[in-house]
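This is what each chain is made of:
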Amino acid sequence: MFANNEKISLRQLRKVLILDWIGKLFLLLPILLQPLNGREKMGALVLGILAAVVYGAVVGSVAVKINGTFTGYVRERMGKLAAGTVGILFFLYLLLNMVYLAQAVGELCRVFLLPESRPVVSGFMYLLAGLAAAGGSVQKRVRAAECLFPTVTLLLILMLAAASGSVETGHFLEISEYRPGDVFQRSSCVFAAFAGMGVVLYLVPHVNTGKTRGMTGAIRGAVLITGGFLLAVFAVMTGAFGSTDLNRLEWPVPVLMSNVNLPGEFLQRWDVVFLAVLLMALLMASGTGIHYMSRVLGELFPKVEEEGLKKYSAGIAAVVLLISGNYQTMEKLFVRWALCAVMPFLAAFPILLWVMERVKRGWIGKEEKESE
C-alpha cells in the first residue's frame, strides 16, 4: 500500500517534467529551428538549454519561498491584480499548449497510422484521455508517470541507437556558413519552449520542495536530460538527412525512425513503434496539462470543486480545438501567441519575484546589522 498524503518527491517531479517536455519538443523544435543549418541548430540548442538551466534555478529558488498557493504568494507580494493577471496568462498558455498537442496527435495519426481518419476526432480522443489521466489524486498520476518513465526513455535510447545506423559522416563535413545572430535568435525559441516550467509553481503545495538546492536540482536535471535527448536526436537527424533535406521535412523525427531497417517484418514499421512511445509521453503530458489548467482555475476560483474544473478545462480546450482549424494553423497560433506573445511575460514573472526576494533579503540583513 502507498501512502496518499497528496505529496510528490523531487525525483518524481523531475520525471513528470521530462515526460511533459520530451514528446512536445520532438515535434516543435524542428519547426522552430527549421531555417538553420546543422551547425546552427546545435548551437541554438546548446544556448537555449543553458538558458533554461539558469532559469530553472530561478524557478526553484522562488518555489521554496512559497508557503501555501502560488496565487496567494503573488497576492501577498504584488497584490490581487498581479495574481489574477499571471493566472490568466498561465491558463491561456496552457490552453494553447493543450490544443496544439491535440492537433499534433491528430495529424500524426492521420499521416502515419490512419490516413482516412479525421485529425479533429483523434484530437478529441486525446483530450478525453487527458481528462481521464488527470482524474484522481496527484500521487496516482505521478506514480503512473513514474512507471512509464523508464519504458519511454529506454525505448527512445534503443530506437535512437538503431536510427544512428543511417548516419552518413559526409553530412557533418558539409561546409555551411555560421550566422551567430540567427543562432541567438532561434536559441530564444528553444528557451521559450522550456520556459513553461514556471507552471510548476502552482504544484508547490503538492511537492516536498525541501531546500533550494533540491528543488533547483530537480528542475535543472529535467532540463539537462531532456536537452541531452534533443541534442542526440538533432545530431542523428543531421547525419541521416543533411541540413537541406532536414529542413524540408514536416515530421523529421518520425521519418527518421521510419528509415530504420531491422530484421523481422514487424520491426519494419519502426515509425509505428516510435509513435507508440511518443504517444505514451504525450498522453502523460495531456493529463498533466489538464491538471495544471484546473490548478490555475482553482486558485482563481477557489469555491469551485477540483473535478469540475478539470472538466471545464477539457471542455474549453475541446471548443478551441474545434474552431482552431488544422494542425498547420494551430502551429502558427501556438508559436505566435503562446511562445512569442504570452511566454515572455510568464518567463519574466518568476525572475521579477526572485529579484524581489533578493532585495527583501538584503533589506532584512541590513536592518539586522543596524539593530546590532
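Residues numbered from 1 in each chain as written. Predicted model: local features only at pLDDT ≥ 70, side-chain atom pairs only at ≥ 80, totals over all residues. Heavy atoms only, no water.

**Q** Even after reading the chapter, I still don't get a positive patch on the surface, so can you show me in this structure?
**A** Among the surface-exposed residues, K65, R358, K360 and R361 lie close enough to one another that they form a single positively charged patch. Relative to the helices and strands, K65 is located in the loop between helix 2 (38-63) and helix 3 (70-78). When its relative accessible area of 32% is taken as the criterion, K65 is described as partly exposed. (Patch = residues over 30% accessible without salt bridge, like charges linked within 9 Å, V, L, I, M, F, W, Y side chains within 5 Å. Areas by Shrake-Rupley, 256 points an atom, 1.4 Å probe, with all protein chains shown as cover. Salt bridge = Lys/Arg side-chain N within 4 Å of Asp/Glu carboxyl O. Lys, Arg positive; Asp, Glu negative; His and termini not counted. Charge placed at Lys NZ, Arg CZ, Asp CG, Glu CD. Helix = DSSP H or I, 4+ residues; strand = E, 2+ residues; numbered from the N terminus. Buried < 20%, exposed > 50% of the residue type's maximum accessible area, 1.4 Å probe, protein only.)

**Q** Looking at this model, I keep getting lost on the nonpolar core. Mind explaining?
**A** A general tendency of soluble globular proteins is for nonpolar side chains to be buried together. Within the largest apolar cluster, 129 residues are counted, with the highest numbers of intra-cluster contacts made by F26, F70 and F194. The greatest single-element share of this core, amounting to 19 residues, is contributed by helix 4 (residues 80-113). Apart from the residues within four sequence positions on either side, F194 is in contact with W21, L25, I49, A52, V223, T226, G227 and L230. (Core = buried A, V, L, I, M, F, W, Y, C linked by side-chain atoms within 4.5 Å. Contact = heavy atoms within 4.5 Å.)

**Q** Is there a simple way to think about the packing of aromatic side chains in this case?
**A** Note on aromatic pairs: each is described by the distance of the centres and the angle between the planes. For the coordinates displayed, the defined rule picks out 8 aromatic pairs. Measuring from centroid to centroid gives 5.3 Å for W21 and F194, while their planes differ by 80°, and the two rings are edge-to-face. A residue pair is termed long-range when its members are at least 10 positions apart, and W21 in helix 1 (residues 10-32) and F194 in helix 7 (residues 180-194) qualify at 173 residues. (Phe/Tyr/Trp six-rings, centres within 6.5 Å; stacked < 30°, edge-to-face > 60°.)

**Q** Would you mind going over the packing of helix 4 against helix 5 (residues 119-134) with me for this structure?
**A** The relative placement of two packed helices comes down to the angle between their axes together with the axis-to-axis distance. For the pair helix 4 and helix 5, the least separation of the axes is 7 Å and the interaxial angle reads 130°. On the basis of the axis angle, helix 4 is oblique to helix 5. Helix 4 and helix 5 meet at a crossing whose hand is right-handed. Contact with helix 4, carried on its side by M98, L101, A102, V105, G106, E107, C109 and R110, involves P119, S122, G123, Y126 and L127 of helix 5 and no other residues of that element. Residues that form the contact of helix 4 with helix 5 fall into these classes: 8 nonpolar, 3 polar and 2 charged. (Axes fitted to C-alpha atoms, helices over the stretch in contact; angles between N-to-C directions. Parallel < 35°, antiparallel > 145°, perpendicular 65-115°, else oblique. Left-handed = near helix turned anticlockwise from the far one by under 90°. Nonpolar A, V, L, I, M, F, W, Y, C, P; charged D, E, K, R; others polar.)

**Q** Got a minute to help me understand a nonpolar patch on the surface in this structure?
**A** Taken together, F301, V304, Y312 and I316 make up a surface patch of nonpolar side chains, about 380 Å² in accessible area. Looking at the secondary structure, you find V304 in the loop between helix 11 (270-300) and helix 12 (306-323).

**Q** Is there a simple way to explain the packing of helix 1 against helix 4 in this structure?
**A** Two elements in contact, helix 1 and helix 4, have axes separated by 11 Å at closest approach and are oriented at 90°. When the axes of helix 1 and helix 4 are compared, the pair comes out roughly perpendicular. Contacts between helix 1 and helix 4 pair K24, L27, L28 and I31 from the former with Y93, N97, Y100, L101, A104 and L108 from the latter. Looking at side-chain class alone, the contact of helix 1 with helix 4 contains 8 nonpolar, 1 polar and 1 charged residues.

**Q** Looking at this structure, how should I read the pattern of salt bridges?
**A** When their charged atoms lie close together, side chains carrying opposite charge are able to pair. Scanning the entire structure with this criterion turns up 11 salt bridges. With its nearest N and O atoms 3.0 Å apart, the salt bridge here joins E357 to R77. Pair noted here: E357 is in helix 13 (residues 327-371) and R77 is in helix 3, with a separation of 280 residues, a long-range link. The salt bridge partner of R110 is E107, with a shortest N-O separation of 2.7 Å. Linking R110 with E107, this pair stays in helix 4, spanning 3 residues, or about one helical turn. R110 gets classed as partly exposed once you look at its relative accessible area, which sits at 31%. What makes E107 buried here is its relative accessible area of 7%. Residues joined in a network through salt bridges with shared partners are R11, K15 and E146.

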